[in-house]
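Working through the structure, step by step
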Amino acid sequence: MVQTIDAAAFQKMVIHAAAAINQQKQPINDLNVFPVPDGDTGTNMSLTIAAAATELRGKEYASVGQVAHASASALLRGARGNSGVILSLLFRGFSKAIKDRVTMDGRDLAIALDFGVAAAYKAVMKPAEGTILTVSRLAATKAAAAARDNNSVQAVLEAAIAEGEKALAATIDMNPVLKKAGVVDAGGKGFLVILQGMLDELNGLPMPEMDHTDEPNDKADFVQMSAEEITFAFDTVYIVRKNDPDVNLEPLREYLNSIGDSLVIGEDDEAFKVHVHTNIPGAALTESQKYGTLELAKIENMRTQADDLAAGRKAQSTDDLEQIEQELEHQECAAPAKAAPEKKFGYVAVCAGEGLEAVFRDLGVDALVGGGQTMNPSTEDILKAIDATPAEIVYVLPNNKNIIMAAEQCTRLCEDKKVIVLPTKTVPQGISAMLAVDPDASEEDNTAAMSEALTQVRTSEITYAARDSDFGGFAIKEGDYMALEEHQLFGVDRDLDTLLTRLAQSDSHQKAEFISIFYGADVTEEQAKQTEKLFANACPNAEISLLPGGQPVYYYMISAE
């Protein structure tokens, strides 16, 4: 029995654990139905601990405390998804328990596991049983008892895993979602795979190299798990570097819990990481920036992921973006990073949705940056688009009030081109500005014409309420349709057609000569044509245009001129 481990041994154990869960990530993904059936728990946990393995490789540490600290810091910044953030919290508590230890025995390990569980439970807003929390708690309790009988790291780890396996088997009866799908908890399974990887290293077993497993595995019945059961669509994870190491995050915790669920906040002295499921990720990011500087964000639509899994397809993830970007870079490898000026004016626009992208391309936009209400691009993203635009003067259309500031930073960062940021707050404003472009005009006249054009547009948007609230004098109920006009709440209704009729009868639409209706990703062409007919009947003096926008979040974007 291995009684005590030093820094080098613990370092190898963490790296081995990362390899173990990487090998088994897909079977774990196949179990993932709670808190939402998005099939990514194995991937998220694997990528999370992989951040620690990357940090540890090729380095030397003087104590197990140093290894634990380096692992915890890397896990916090690399944490993906609900399960990844909880895993980072388990390591964070673990690190605090052994921060002063040069070596670690069985008793130290048991105490560290207990500290980890306490940190995770403290951070999770609404702990649910039958999850990784349950498995880790019962495993830690057994570890403490085992340490009293045999103060050996190996014996304690074996006892924790054995008890954890019993707890994992019981999760199917603890959680109604798991029972409905007929599987054990994915996060709990991932946690035990990590512990087993550590034990395998102690036992001298070879580190896994394969990225798959040939063993048969249980799989959740994703067809039974409807995307409609997902109350909050966007899995939102981000890191904020603190303004103050001692900042109180409790007000932020309360706010985030009011706009979503599955909230977990992990922190160290320098930064904090948030995981939350919400329908308004932009609001979560904006509120969190009051506490520090946003460093990194990841937002995924869990409804579309659930639909993909139910249809037998691979669920799309932001992790796919790196591969897509690499493919695009390969296809365009002959193109320079910075395009030399070939014309006087160039244009960059921010939008989300294939239909909206097509409109901007048709209007002469050179480069498109993905983003909008649910995901704000960074200054670097916009700057890359500017660099790729072959023009002396590049106009940037942010098309969202939350993106204007990021775009404006490009004016001082771009050295070889003049950048003009037009303060377009909506996509229709950006489209109107592009319609006013005169490529033969002077810079001053072109800027004036585009600026004037964007002020002539009034934008309305249709979305829905995620929960009960009282806003702008309106009593809003969960599931209500909401109409916004120039970002102000126009009205709410349980019936979409009733709300659209009221909106069509508003002054801005009754006085309009041109009305353009962009329908979103969640609206069928048949439904959109019914809306077009509704506006045509309500606004007989206006020319109505119907276009597929493909935008998320908003069922309709409607411009009136």
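Residues numbered from 1 in each chain as written. Predicted model: local features only at pLDDT ≥ 70, side-chain atom pairs only at ≥ 80, totals over all residues. Heavy atoms only, no water.

Counting residues in each nonpolar core, the largest one holds 71 residues, and the members touching the most others are Phe 10, Ile 49, Ile 98, Leu 157 and Met 198. Apart from the residues within four sequence positions on either side, Ile 49 is in contact with Val 14, Ala 17, Ala 18, Ile 21, Leu 75, Leu 87, Phe 91 and Ile 194. Ala 233, Val 359, Ile 420 and Met 434 belong to the second largest nonpolar core, which has 46 residues in total. (Core = buried A, V, L, I, M, F, W, Y, C linked by side-chain atoms within 4.5 Å. Buried < 20%, exposed > 50% of the residue type's maximum accessible area, 1.4 Å probe, protein only. Contact = heavy atoms within 4.5 Å.)

What follows deals with the pattern of salt bridges. Scanning the model with the defined rule gives 15 salt bridges in all. For Lys 290, the salt bridge identified is with Glu 287, shortest N-O distance 3.0 Å. Under the relative-accessibility criterion, Glu 287 is labelled buried at 18%. Notably, a salt bridge pairs Lys 343 with Asp 366, separated by 2.5 Å at the nearest N-O pair. In this pair, Lys 343 sits in strand 5 (residues 343-351) while Asp 366 sits in the loop between helix 15 (354-362) and strand 6 (367-370), placing the two residues 23 residues apart along the sequence. (Salt bridge = Lys/Arg side-chain N within 4 Å of Asp/Glu carboxyl O. Helix = DSSP H or I, 4+ residues; strand = E, 2+ residues; numbered from the N terminus.)

Attention now goes to the sheet that holds strand 7 (residues 391-397). Read from one edge of the open sheet, four strands run 6-5-7-8, paired in parallel fashion. What marks the edges here is a single partner per strand, and that holds for strand 6 and strand 8 (418-421). Neighbour to neighbour, the strand axes of the sheet diverge by 20° on average, direction disregarded. As paired elements, strand 5 and strand 7 share six bridges and run parallel to each other. Looking at the pairing, Phe 345 lines up with Ile 393 of strand 7. Across the face of the sheet, helix 15 comes into contact with strand 5, strand 6 and strand 7 while running at roughly 170° to strand 5. Contacts between helix 20 (residues 443-455) and the sheet are confined to strand 5, strand 7 and strand 8, with strand 7 contributing the most and set at about 15° to the helix. (Pairing = 2+ DSSP bridges. Axes fitted to C-alpha atoms, helices over the stretch in contact; angles between N-to-C directions.)

This paragraph deals with the packing of helix 15 against helix 19 (residues 427-435). Relative to each other, helix 15 and helix 19 sit at 20°, their axes nearing to 10 Å. Taken together, the axes of helix 15 and helix 19 lie roughly parallel to each other. Of the two elements, helix 15 crosses helix 19, and the hand of that crossing is left-handed. Within the contact between the two elements, helix 15 uses Leu 356, Val 359 and Phe 360 and helix 19 uses Val 427, Gly 430, Ile 431 and Met 434. The residue inventory of the contact of helix 15 with helix 19, partitioned by class, reads six nonpolar, one polar and no charged. (Parallel < 35°, antiparallel > 145°, perpendicular 65-115°, else oblique. Left-handed = near helix turned anticlockwise from the far one by under 90°. Nonpolar A, V, L, I, M, F, W, Y, C, P; charged D, E, K, R; others polar.)

Right, let's get into empty space enclosed by the protein. Summed over the entire model, instances satisfying the criterion amount to two cavities of 30 Å³ or more. When its volume is computed, the largest cavity comes out at roughly 160 Å³. What lines the largest cavity is a set of 16 residues, among which Phe 91, Phe 94, Leu 113, Phe 191 and Leu 195 lie closest to the centre. Broken down by secondary-structure element, the contributors of at least two residues to the lining of the largest cavity are helix 5 (81-97), helix 6 (106-123) and helix 10 (186-202). Top element by residues in the lining of the largest cavity is helix 6. It accounts for five residues. When grouped by side-chain class, the residues that make up the lining of the largest cavity number 14 nonpolar, two polar and no charged. The space that makes up the second largest cavity amounts to roughly 60 Å³. In this structure, the second largest cavity is lined by Ala 72, Ser 73, Leu 76, Ser 88, Leu 89, Arg 92, Gly 266, Glu 267 and Asp 268. Those elements giving two or more residues to the lining of the second largest cavity turn out to be helix 4 (64-78), helix 5 and strand 2 (260-267). Split into classes, the residues belonging to the lining of the second largest cavity amount to three nonpolar, three polar and three charged. (1 Å grid on protein atoms, 1.4 Å probe; cavity = no way out; pocket = protein on both sides within 12 Å on 5 of 7 lines; lining within 4 Å. Points joined across faces, edges and corners; volume = space filled by probe spheres on them.)

Positionally, Thr 134 belongs in helix 7 (residues 132-149). On the accessibility criterion, Thr 134 (1% relative accessible area) is buried. Polar side-chain contacts of Thr 134 include one of 2.6 Å to the side chain of Glu 129. A polar contact is formed between the side chain of Thr 134 and the backbone nitrogen of Gly 130, at a distance of 2.7 Å. In contact with Thr 134, not counting residues within four places along its chain, are Tyr 121, Ala 128, Glu 129 and Met 174. (Polar contact = N/O pair within 3.5 Å; in protein donor to acceptor, adjacent residues only side chain to side chain.)

Their axes nearest at 7 Å, the elements helix 6 and helix 8 (residues 153-174) cross at an angle of 35°. Helix 6 and helix 8 meet at a crossing whose hand is right-handed. When helix 6 is examined against helix 8, the residues Gly 106, Leu 109, Ala 110 and Leu 113 are found in contact with a partner set consisting of Val 153, Val 156, Leu 157 and Ala 160. When the residues that make up the contact of helix 6 with helix 8 are grouped by side-chain class, the tally is seven nonpolar, one polar and no charged.

Quick look at helix 4 now. Helix length check: helix 4, at 15 residues, gives a terminal C-alpha distance of 21 Å against a target of 21 Å (1.5 Å per residue), a fit within 8%. Helix 4 sits mainly inside the fold: twelve of its 15 residues count as buried. Burial in helix 4 covers these residues: Val 64, Gly 65, Val 67, Ala 68, Ala 70, Ser 71, Ala 72, Ser 73, Ala 74, Leu 75, Leu 76 and Gly 78. (Expected span 1.5 Å × (residues − 1).)

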